[in-house]
Amino acid sequence: MLSLTAIACASIIIAWVLCRAQEALTAYKVDRSIGHQNGCKKAPRLKNRWPLGVDRLIQIWTADADQRLMDLFTFHFKDVGTTLEQKFLGTIAFGTIEPRNLEAMMSSQEKDFGFGLRRQIFFPLLGDGIFTQEGEPWRHSRKILQPQFGKQQYNDLEVFQVHINNLLDRISEKDDRVDLQSLFFRLTLDTTTEYLFGRSINSLAEKQGSKGSGFAEDFDIAQNYVVQRFRLLDLYWIIGGKNFRNACDSVHRFIDGFIDSRYEKADEILEQEKRYSLFDTIAESSTDRKTLRAQLLNVLLAGRDTTACLLTWTLLIKFASAVVPRRISRFETSLITGLEVDSETLQNITQDFAPVMTRYHVYFFWEQLPTNLKYSTDYVVARDSAAPVIDGTNRCAIAANHRDMCKFEDFDSPGFKVTIAALKRYVQAAPSVVKTRLEESANMLDERRKNEALELIKDCKIPLSSGLERYRGIAKDTFS
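So, here is what we can say about the structure in this document. All residue numbers here refer to positions counted from 1 along the written sequence of the relevant chain. It should be noted that, the model being predicted, local features are given only for residues of pLDDT at least 70 and side-chain atom pairs only at 80 or more, the latter also being counted only at that level, while totals for whole chains, interfaces and linings use all residues. Excluded from the side-chain calculation are hydrogens and water; included are all heavy atoms of the structure.

### Quick notes on the overall build of the chain
So the rule is basically this: Runs of E in the DSSP output that reach at least two residues are strands. Runs of H or I that reach at least four are helices, and both are numbered from the N terminus. Throughout this description, buried means an accessible area under 20% of the type-specific maximum (1.4 Å probe, protein chains only), exposed means over 50%, and partly exposed covers the range between. Between two residues, a contact is recorded if the distance between any of their heavy atoms is within 4.5 Å. To be clear on the numbers: accessible area is Shrake-Rupley with a 1.4 Å probe, and residue cover counts the displayed protein chains and nothing else.
Across its full length, the chain holds 18 helices and 6 strands. When each of the 480 residues of the chain is scored for burial, the buried share is 30%. A separation of at least 24 residues holds for 62% of the contacts in the chain among residues at least 6 apart in sequence. When the accessible surface of the chain is totalled, it reaches about 33,200 Å², and 58% of it is carbon and sulfur.

This is the structure we're talking about:
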């Protein structure tokens, strides 16, 4: 007999599955209706190799740990298309870099799109701020913050000097390699807190374990948890625990400390600090401490992460352009363009090669094993493309991937015996084939010279008494 606990657990699981199925069906019908109204095509799906798309999650987490996440996403979009569908743990999600789709979501049709689970996922860290709000609350926050980012508010760039000097000091301490991205995150954290609170936490200037440095570390920990929660979509609640709660609490206490300090020394700060601070504007529109803290954290997140990532990518591209010669980048671009699907270059090669194929021995080989492409495992060249069925040619598979097809380490390497047998057969047949073709070439040359000679004398005005036929006979005998 099953225990009551087992029955209860089974009932909960069945109820959850049925609920998810009903939600999925409803979402499918709504999406299909909206797609039909707007003339949308079905997005190509990113294929999963494991059930529920678990392989994709592992792939994303591994790439994130190796700091190759942007490479992975770029690979997916290049492989599938600018808009794609993916399925994680039973939930369908879409990714897009298509400009028209982004413009619709961010601007022209902004009211038709929502955040989904973003509020629940981000709330433990960010609270109720512009990144977690929708509808009227979001428009209210945007109305408050947008004017504060005008260019005239930040004409005083002297604030950067101290923090740039601190950055250079940290770089000079390194003897070999420097992780600039982590330093950029500290730099933007220092500058953003300077503008936001009127004074910086100076995480670059302080030693490891200090108050400002500790806040930066806790902020990183909390953000990493939030990112992992976001990737699990409906199952975001699985990611959490004591470390996540402690990191969020530490961040909140640190911001509360800034709020208390600001209120306690409000008059003194107003007299001493002439430069603009966002704190006052946000505080005027906040109804309580939690609302103020949430808005400050949301602005802090935007000012820190986006700016640090922009600095990192800018420097990377700048270094790459200085290190890689321009002629090489141009060559790679033209080569890649020439190898694309429906490339005119490939079509010209095919058209030029087809007529002369009968004069050669052609042996097509294709890879029997898929190749590890870093983010996926697949065949580089499909069988039909690598070994088309053409009369007078041979075809054979090699039990290796694309990279190892021609790497023969010994006599027993895959494909070695087949390749050697084909080459031996062609070499043995070569003398008779070459002799026949030389004879054919000599005969063709004789015929061409005779025709050229006849073309030269056919229009000559020679008296009939001289015997035109005799001259043509002499010419014919001469070139025979």
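### Some points on the packing of aromatic side chains
Rules: To pair, rings of Phe, Tyr and Trp, with the six-membered ring standing in for Trp, must have centres within 6.5 Å; the planes then decide the type, stacked if under 30 degrees apart, edge-to-face if over 60, and tilted in the middle.
Considering all chains together, one arrives at 10 aromatic pairs under this definition. Judged by centre distance (5.6 Å) and plane angle (15°), the rings of F215 and F219 are stacked. One end of the pair is F215 and the other is F219, both in helix α9 (residues 211–231) and 4 residues apart, which spans about a single turn. Neither F215 nor F219 differs from the other in exposure class; each is buried. Feature note: the residues F197, F215, F219, F254 and F258 constitute an aromatic cluster, connected by ring pairs.

### Overview of the pattern of salt bridges
Let me state the cut-off plainly: When a carboxyl oxygen of Asp or Glu lies within 4 Å of a side-chain nitrogen of Lys or Arg, that pair is called a salt bridge.
On inspection of all chains with the given rule, the structure shows 16 salt bridges. For E173, the salt bridge identified is with R170, shortest N-O distance 2.4 Å. Of the charged contacts in the structure, one is a salt bridge between D305 and R304, with a shortest N-O distance of 3.4 Å. On the accessibility criterion, D305 (17% relative accessible area) is buried. Given a relative accessible area of 1%, R304 falls into the buried group. Among the ionic contacts, a cluster of salt bridges with common partners joins D256, D260, R289 and R293.

### Things to note about the nonpolar core
It is characteristic of soluble globular proteins that their nonpolar side chains tend to be buried jointly. What counts here: To qualify as a nonpolar core, a set must consist of buried Ala, Val, Leu, Ile, Met, Phe, Trp, Tyr and Cys residues joined through side-chain atoms within 4.5 Å.
Counting residues in hydrophobic clusters, the biggest one holds 34 residues, and the most contacted among them are F215 and L296. Of all the elements in the fold, those that place two or more residues in this core are α5 (118–126), α8 (180–197), α9, α10 (242–264), α12 (278–285) and α13 (289–323). The leading source of residues in this core is α10, at 8 residues. Here F215 is in contact with L189, I201, V251, F254, I255 and L300, once residues within four sequence places are set aside.

### Details of the packing of α10 against α12
Relative placement of two packed helices is described by the angle separating their axes and the distance separating the axes. How we decide: Helix axes use the C-alpha atoms of the stretch in contact, all axes being lines fitted to C-alpha atoms, and the angles between their N-to-C directions lie in the range 0 to 180 degrees. Angles are sorted into four bins: roughly parallel if under 35 degrees, roughly antiparallel if over 145, roughly perpendicular if 65 to 115, and oblique for all others. As a working rule, the residues Ala, Val, Leu, Ile, Met, Phe, Trp, Tyr, Cys and Pro are called nonpolar, Asp, Glu, Lys and Arg charged, and the rest polar, with Gly in that last group.
At a closest axis distance of 12 Å, the pairing of α10 and α12 adopts a crossing angle of 95°. Judged on the interaxial angle alone, α12 and α10 are roughly perpendicular. Judged by residue contacts, I259, R262 and Y263 of α10 engage F279, D280 and A283 from α12. Of the residues that constitute the contact of α10 with α12, the class distribution is 4 nonpolar, no polar and 2 charged.

### A closer look at helix α2 (residues 54–65)
As a reminder of what qualifies: The span you would expect from a helix comes to 1.5 Å times its residue count less one.
In this model, α2 (12 residues) spans 17 Å end to end at C-alpha, consistent with the 16 Å of a helix rising 1.5 Å per residue. Taken together, the buried positions of α2 are occupied by D55, R56, L57, Q59, I60 and A63.

### Structural notes on the environment of R437
Here R437 shows up in helix α17 (residues 416–457). Using a relative accessible area of 31% as the deciding quantity, one classes R437 as partly exposed. A sequence separation of 78 residues divides R437 from R359, and the C-alpha atoms of the two residues are 9.8 Å apart. The residues contacting R437, other than those within four sequence positions of it, are T358, R359 and Y360.

### Overview of α5
What counts, and what does not: To be clear, the arc concerns the directions from the helix axis to the C-beta atoms.
Among the residues of α5, I121, F122, L125 and L126 are the ones counted as buried. All buried residues of α5 lie within an arc of 100° about the axis, which places them on one face of the element. Looking one or two residues beyond α5, the residue adopting positive phi is G127, at roughly 70°.

### Things to note about a nonpolar patch on the surface
The following threshold applies: To count toward a patch, a residue needs a relative accessible area above 30% and no salt bridge. Like charges then connect within 9 Å, nonpolar side chains (Val, Leu, Ile, Met, Phe, Trp, Tyr) within 5 Å.
A cluster of nonpolar residues, W50, L52, V54 and I58, forms a patch on the protein surface that exposes about 380 Å² of accessible area. Turning to its location among the elements, V54 is positioned in helix α2. Here V54 falls in the partly exposed class, since its relative accessible area comes to 31%.

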